[in-house]
Amino acid sequence: MIRFAVTVSLVPEARGGPFVFQEDLAEASRKAVALGFHAVEIFPRSADELDPARITELLARHNLKVAAVGTGAGWLARKWHLCHAEGEIRAQAKAFIKEIVDLAGRLDAPAIIGSMQGRSEGSVTREQAMEWLAEGLNELGEHAARYERPLLYEPLNRYETNLLNRSRDAVDFVSSLNTKNVRLLADLFHMNIEEASLEDGILQYGGLLGHVHFVDSNRRAPGMGHIDFGPVVGALRKVGYGGFVSAEALPLPDPMAAARQIVETYARLFG
Ligand code: LER
Ligand code: MN
């Protein structure tokens, strides 16, 4: 069964980003459950700022799950990533992600590697960057396996990474990894820029699909842009997707209006 998640950012530096709720987790959870969401996707500043026992208790009170935990603050707030030219920074990036994998694991959720994949730039060739990315995903994927959760790898659009932008390339890459514990995250916003067809992109992901950032073309709530969601939902059904659709959407025109539109659209498409 597909379940509905909404994003909550706890990162002041991410203001203006695609997070429906940008406030404390208790308040966001209260609103999320009142609106009919089943889960929250948490974007923390770092793992050590959160207490998994307290979050578990808070979410249990609301009967909410954690859909996933993002690692992007390592890039946003610190400018670390897995393909940085400096070894020391690559190591810090990996340690930062590992701590979030541990936090997510304790919350029964997977961690996401999106912005933390980085890019090839300056002295770092594409070959080198891809080698470091593979190394990082192999190690972190195996680390996540101890919690029996996958590590989610998210291809981004060309303006955010020059590594892997399209589902076909991402599937080939993930299939070539030593770890079998990496799944792919389909973000419809990025795919709308990069794929000839959203439907075909999802079909390419097939059984490797582990999570969906389900938003419209302009990163607003579904229905506020120009994506035709019928074929997208059809493709998710065809690949047997049974995870979360998660609203990594801009809080426009305001967080509550966006959240309401999201949950109503999800219910109409998947209900
Ligand atoms: C970034 O654009 C994005 O989509 C995030 O989910 C990656 O961390
Ligand atoms: Mn995303």
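Before reading on, note that the structure itself is shown above.
Reading the values: the criteria
- Residues numbered from 1 in each chain as written.
- Chains lettered and ligands numbered in written order.
- Predicted model: local features only at pLDDT ≥ 70, side-chain atom pairs only at ≥ 80, totals over all residues.
- Heavy atoms only, no water.
- Helix = DSSP H or I, 4+ residues; strand = E, 2+ residues; numbered from the N terminus.
- Contact = heavy atoms within 4.5 Å.
- Areas by Shrake-Rupley, 256 points an atom, 1.4 Å probe, with all protein chains shown as cover.
- Lys, Arg positive; Asp, Glu negative; His and termini not counted.
- Charge placed at Lys NZ, Arg CZ, Asp CG, Glu CD.
- Salt bridge = Lys/Arg side-chain N within 4 Å of Asp/Glu carboxyl O.
- Buried < 20%, exposed > 50% of the residue type's maximum accessible area, 1.4 Å probe, protein only.
- Pairing = 2+ DSSP bridges.
- Axes fitted to C-alpha atoms, helices over the stretch in contact; angles between N-to-C directions.
- Near = heavy atom within 4 Å.
- Polar contact = N/O pair within 3.5 Å; in protein donor to acceptor, adjacent residues only side chain to side chain.
- Nonpolar A, V, L, I, M, F, W, Y, C, P; charged D, E, K, R; others polar.
- Phe/Tyr/Trp six-rings, centres within 6.5 Å; stacked < 30°, edge-to-face > 60°.
- Lys NZ or Arg CZ within 6 Å of the ring centre and 35° of its normal.
- Expected span 1.5 Å × (residues − 1).
- Donors = N, O, S within 2.8 Å, 3.2 Å for Na, K, Ca; no water.
- Tetrahedral: all angles 85-135°; square planar, octahedral: opposite > 155°, others 65-115°.

Draft legend 1. How the structure looks around the overall build of the protein. Secondary structure summary: the protein contains 10 helices and eight strands in total. Relative to all contacts within the protein whose residues are 6 or more apart in sequence, the contacts with residues 24 or more apart total 77%. For the protein, the exposed surface amounts to about 11,100 Å²; the carbon and sulfur share of it is 48%. Within the protein, one finds 29 positive and 35 negative side-chain charges whose respective centroids are separated by 3 Å.

Draft legend 2. Representation of the pattern of salt bridges in the model. What the rule picks out here adds up to 13 salt bridges. Between Arg-168 and Asp-172 there is a salt bridge whose closest N-O contact spans 2.9 Å. In this pair, Arg-168 and Asp-172 are both assigned in helix H6 (residues 167-175), four residues apart and thus about one turn of the helix distant. Residue Arg-168 is classed as partly exposed on the basis of its relative accessible area, which comes to 37%. The exposure class assigned to Asp-172 is partly exposed, which follows from its relative accessible area of 41%. Here Glu-199 and Lys-238 are joined by a salt bridge, their closest N and O atoms 3.8 Å apart. Of this pair, Glu-199 sits in helix H8 (residues 198-205) while Lys-238 sits in helix H9 (residues 229-238), placing them 39 residues apart in sequence.

Draft legend 3. Structural view of the sheet that holds strand S7 (residues 209-213). Pairing is parallel in the closed barrel, where eight strands are placed in the order S1-S2-S3-S4-S5-S6-S7-S8. Neighbour to neighbour, the strand axes of the sheet diverge by 30° on average, direction disregarded. Note that strand S3 (residues 65-70) and strand S4 (residues 111-113) share two bridges and pair parallel. Directly across from Gly-70, in S4, lies its bridge partner Ile-112.

Draft legend 4. Representation of the site of ligand 1. The environment of ligand 1 is made up of Gly-114, Ser-115, Glu-154, Leu-156, Glu-160, Asp-187, His-190, His-213, Arg-219 and Glu-248. Take Asp-187: an N or O atom from its side chain is 3.1 Å from an oxygen atom of ligand 1. In the model, an oxygen atom of ligand 1 is placed 2.8 Å from a nitrogen or oxygen of the Arg-219 side chain. In isolation ligand 1 has 260 Å² of accessible area, and contact with the protein removes 89% of it. Taken together, the residues that form the shell around ligand 1 break down as one nonpolar, four polar and five charged.

Draft legend 5. Region of interest: the packing of aromatic side chains. Per the counting criterion, the structure on display carries eight aromatic pairs. Ring geometry for Phe-214 and Phe-270: centres 5.4 Å apart, planes at 75°, overall edge-to-face. One end of the pair, Phe-214, is in the loop between S7 and H9; the other, Phe-270, is in helix H10 (residues 255-270), with 56 residues separating them in the sequence. Judged by relative accessible area, Phe-214 falls into the buried class, the value being 0%. Classification of Phe-270 by relative accessible area gives buried; the value is 12%. Put simply, the rings of Phe-4, Phe-214, Phe-229, Tyr-266 and Phe-270 touch in pairs and so form one group of aromatic residues. In this arrangement the basic side chain of Lys-79 is found over the ring face of Trp-75, its NZ or CZ atom lying 4.3 Å from the centre.

Draft legend 6. Helix H4 (residues 87-106), seen in detail. Spanning 20 residues, H4 covers 29 Å between terminal C-alpha atoms, matching the ideal 28 Å at 1.5 Å per step. Check the buried side of H4 and you find it contacts helix H2 (52-62), S3, helix H3 (73-76), S4, helix H5 (126-145) and strand S5 (151-153). Positive backbone phi, at 60°, marks Asp-108, one or two positions downstream of H4.

Draft legend 7. Examining the environment of Gln-117 more closely. The residue Gln-117 is located in the loop between S4 and H5 in this model. Put simply, Gln-117 and Leu-156 are 39 residues apart on the chain and 9.5 Å apart in space, counted from C-alpha to C-alpha. If sequence neighbours within four positions are ignored, Gln-117 has contacts with His-81, Leu-82, Cys-83, Leu-133, Tyr-153, Glu-154, Leu-156, Thr-161 and Leu-163. Polar side-chain contacts of Gln-117 include one of 2.7 Å to the side chain of Tyr-153.

Draft legend 8. Summary view of the coordination of the manganese ion (ligand 2). Protein ligation of the manganese ion (ligand 2) involves Glu-154 (OE), Asp-187 (OD), His-213 (ND1) and Glu-248 (OE), the donor distances falling in the range 2.1 to 2.2 Å. Angles of 69 to 172° at the metal separate the six donor atoms of the manganese ion (ligand 2), which places the site in the octahedral class. Taken in chain order, the donor set of the manganese ion (ligand 2) reads E-x32-D-x25-H-x34-E. Taken together, the residues span a long stretch of sequence, with His-213 in strand S7 and Glu-248 in the loop between strand S8 (244-247) and H10 at a distance of 35 residues. Using a relative accessible area of 0% as the deciding quantity, one classes His-213 as buried. For Glu-248, a relative accessible area of 10% puts it in the buried group.

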